[in-house]
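Spelled out from the first residue to the last, the chains are:
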Amino acid sequence: REVWSGLIKTYQQYLPVTENTPVVTLLEGNTPLIPVPSIAQLIGRQVQVFAKYDGLNPTGSFKDRGMTMAISKAKEAGARAVICASTGNTSAAAAAYAKRAGMKAFVLIPEGYVALGKLAQALLYGAEVLSIKGNFDQALKIVREMANSYPVTLVNSVNPYRLEGQKTAAFEVVDALGDAPDWLCIPVGNAGNITAYWMGFCQYHQSGKCDRLPRMMGFQAAGAAPLITGQPVTHPDTVATAIRIGNPANWEKAIAVQSASNGEFHAVTDEEILAAYRLLASEEGIFCEPASAASVAGMLKVKDQIPTGATVVCVLTGNGLKDPNTAIDNNQNAFKPGIEPTLEAVAQAMGVI
Ligand code: F0G
């Protein structure tokens, strides 16, 4: 059997790399496409639903796909340091891959709005973690200017190599299904990933690897939904901190994807996001982070539009372990603390006696 060697090696013919590109990899990609039948059942007619669980990447999110490319190309160009703004996942991935490449990583994060696991990662991977008293949009503006004035490479999704790496998720979906799905449901923040998926589907389509192209269904949190309202949001707010973004850098690209794919963008409330988050864990055994659950929440919100017999893929962008606080605050099981360490007490607590 073939051993997985990372997404750059696997998909090199579709990527802007040469034999001179130093491949910086943690063997990211090759994540499972998991059937989620109990969620499919909620649609009320025959539909196949899959979760593309990108939370199983080396640093726990889809950002690793973009970062293996961005850091490899930065290394090829001789970069010594990289910088990004981040709601958490990009900072974790940038830190890990930069360090693997022997580079310094500077990450700007919005103070108080980064999930605990992501902060822990950036710190332990040894990034310079600059916590600003502002939001992601402000942080992104600063790092863009910084990269223009100082010898530091920007690795946010405005770096084209990020999208090149991330498009491989679409390749994997097609490789697993034998064709593109009818619908691709995806959370949208800075709108890099939806753009990357569409690039991937189009490239595979042109190469004869799939017959269809999916409708791209993008979902934003209601408190941070500029692509739905048509206006930048000055004070974005949502429990899904990963997508707490008011002015997406890839705004025009996302709108172009929406129209080219006959797709739709919708907002989902925090309640809908958390309901889908709990459902994925309790019905399917899949623990994703809140932002990721926006794809399932959105699909369920517009489920009446799904054609009978359709194949739907929901992208789960990040691992639930990233955000333990939200999980504990929203747990749905009886947590029974303070039990005496005896057989009787435990049996009683279990309801056996
Ligand atoms: N899901 C998760 C878990 C994310 O971390 C992000 C973005 C998205 C979805 C949205 O992807 O921005 O390409 O539309 N996180 C960025 C970060 C902003 O800094 O980690 P997008």
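None of the values given here were measured: they were computed from a predicted structure.

1. Considering the overall build of the protein
When you go through the protein residue by residue, the secondary structure sums to 15 helices and 10 strands. Since a compact globule built from 353 residues should have a radius of gyration of about 20 Å, the 20 Å found for the protein is in line with a globular shape. By its C-alpha atoms, the protein is 70 × 50 × 45 Å across when sized along the principal axes. Out of the 353 residues belonging to the protein, those deemed buried represent 56%. Contacts in the protein between residues at least 24 apart in sequence constitute 72% of all its contacts with a sequence separation of at least 6. Accessible surface for the protein amounts to roughly 15200 Å². Of this, 52% is attributable to carbon and sulfur atoms. Where the 28 positive side-chain charges of the protein centre and where its 30 negative ones centre are 6 Å apart.

2. What to know about the pairing of strand β3 (residues 81-85)
The buried fraction of β3 is high, at 5 of 5 residues. Side chains A81, I83 and A85 project from β3 onto one buried face, and the interleaved V82 and C84 project onto a second face that is buried too. In the sheet, β3 pairs with strand β4 (residues 104-110) via 5 bridges, with the strands oriented parallel. Pairing of C84 across the sheet is with V107, part of β4. Where the polypeptide runs from β3 across helix α4 (residues 89-100) and back to β4, its parallel neighbour, the crossover connection is right-handed. Two strands pair when backbone bridges link them, and β3 and strand β6 (residues 153-154) are joined in this way by 2 bridges, in the parallel orientation. Opposite I83, over in β6, you have L154 as the bridge partner.

3. Let's talk about the side chain of T59
Tracing the chain through its elements places T59 in the loop between β2 (48-53) and α3 (63-76). You can call T59 buried: its relative accessible area is 2%. Each residue touching T59, except ones within four places of it in the same chain, is listed here: L26, D64, A92, A93, A96, Y97, Q121, Y125 and K322.

4. Digging into the UniProt feature "domain: Rhodanese" (unreviewed entry) in the protein
The sites that UniProt annotates as "domain: Rhodanese" (unreviewed entry) are residues 82-125. Annotated as 48% helix and 25% strand, the span residues 82-125 places its first and last C-alpha atoms 14 Å apart.

5. Topic: the site of the ligand
Lining the immediate environment of the ligand, one finds 19 residues, of which S86, N190, A191, N193 and T317 sit closest. A191 is positioned with one of its backbone polar atoms (N or O) 2.7 Å from an oxygen atom of the ligand. If the ligand stood free it would expose 480 Å²; the protein chains cover 99% of that surface. Secondary structure elements with two or more residues in the shell around the ligand: α4 and α9 (192-206). Classifying every residue of the shell around the ligand by side-chain character gives 7 nonpolar, 10 polar and 2 charged.

6. Some points on α4
For α4, which comprises 12 residues, the first-to-last C-alpha distance of 17 Å matches the rise-based estimate of 16 Å (1.5 Å per residue) to within 8%. With 10 of its 12 residues buried, α4 lies for the most part within the structure. Inspection of α4 places N89, T90, S91, A92, A93, A94, A95, A96, Y97 and A98 among the buried residues, and these make up the whole buried set. In this fold, the buried residues of α4 make contact with α3, β3, β4, α5 (116-124) and α7 (160-166). Backbone geometry just after α4 places G102 at a positive phi near 80°.

7. A word on the environment of F287
Its location among the elements puts F287 in the loop between α12 (270-284) and α13 (290-301). A residue is classified by how much of its surface remains accessible, and F287, at 29% relative accessible area, is partly exposed. Separated by 34 residues in the primary sequence, F287 and K253 have C-alpha atoms spaced 30 Å apart. With near-sequence residues (within four places) excluded, F287 lies in contact with Y53, Y277, N319, G320, L321 and A327.

8. Quick look at the UniProt feature "binding site: pyridoxal 5'-phosphate" (unreviewed entry) in the protein
As annotated in UniProt, the feature "binding site: pyridoxal 5'-phosphate" (unreviewed entry) corresponds to N89, G189, N190, A191, G192, N193 and T317 in the numbering used here. A maximum C-alpha distance of 14.4 Å places the annotated residues, which cover 229 residues in sequence, within one compact spot. Positionally, N193 belongs in helix α9. Classification of N193 as buried rests on a relative accessible area of 7%. When near neighbours in sequence (up to four residues on either side) are disregarded, N193 contacts F62, Q166, I186, V315 and T317. Of the polar contacts made by the side chain of N193, one reaches the side chain of Q166; its length is 3.0 Å. As for its position among the elements, T317 is in the loop between β10 (311-316) and α14 (324-329). If we skip the residues at most four places from it in the chain, T317 touches D54, G55, G60, S61, F62, P187, N193 and S292.

How each quantity is defined
Residues numbered from 1 in each chain as written. Predicted model: local features only at pLDDT ≥ 70, side-chain atom pairs only at ≥ 80, totals over all residues. Heavy atoms only, no water. Helix = DSSP H or I, 4+ residues; strand = E, 2+ residues; numbered from the N terminus. Rg over C-alpha atoms; globule rule 2.2 N^0.38 Å. Buried < 20%, exposed > 50% of the residue type's maximum accessible area, 1.4 Å probe, protein only. Contact = heavy atoms within 4.5 Å. Areas by Shrake-Rupley, 256 points an atom, 1.4 Å probe, with all protein chains shown as cover. Lys, Arg positive; Asp, Glu negative; His and termini not counted. Charge placed at Lys NZ, Arg CZ, Asp CG, Glu CD. Pairing = 2+ DSSP bridges. Right-handed = clockwise from strand over helix to strand, strands pointing away. UniProt positions renumbered as here; feature names shortened; annotations may be inferred. Near = heavy atom within 4 Å. Polar contact = N/O pair within 3.5 Å; in protein donor to acceptor, adjacent residues only side chain to side chain. Nonpolar A, V, L, I, M, F, W, Y, C, P; charged D, E, K, R; others polar. Expected span 1.5 Å × (residues − 1).

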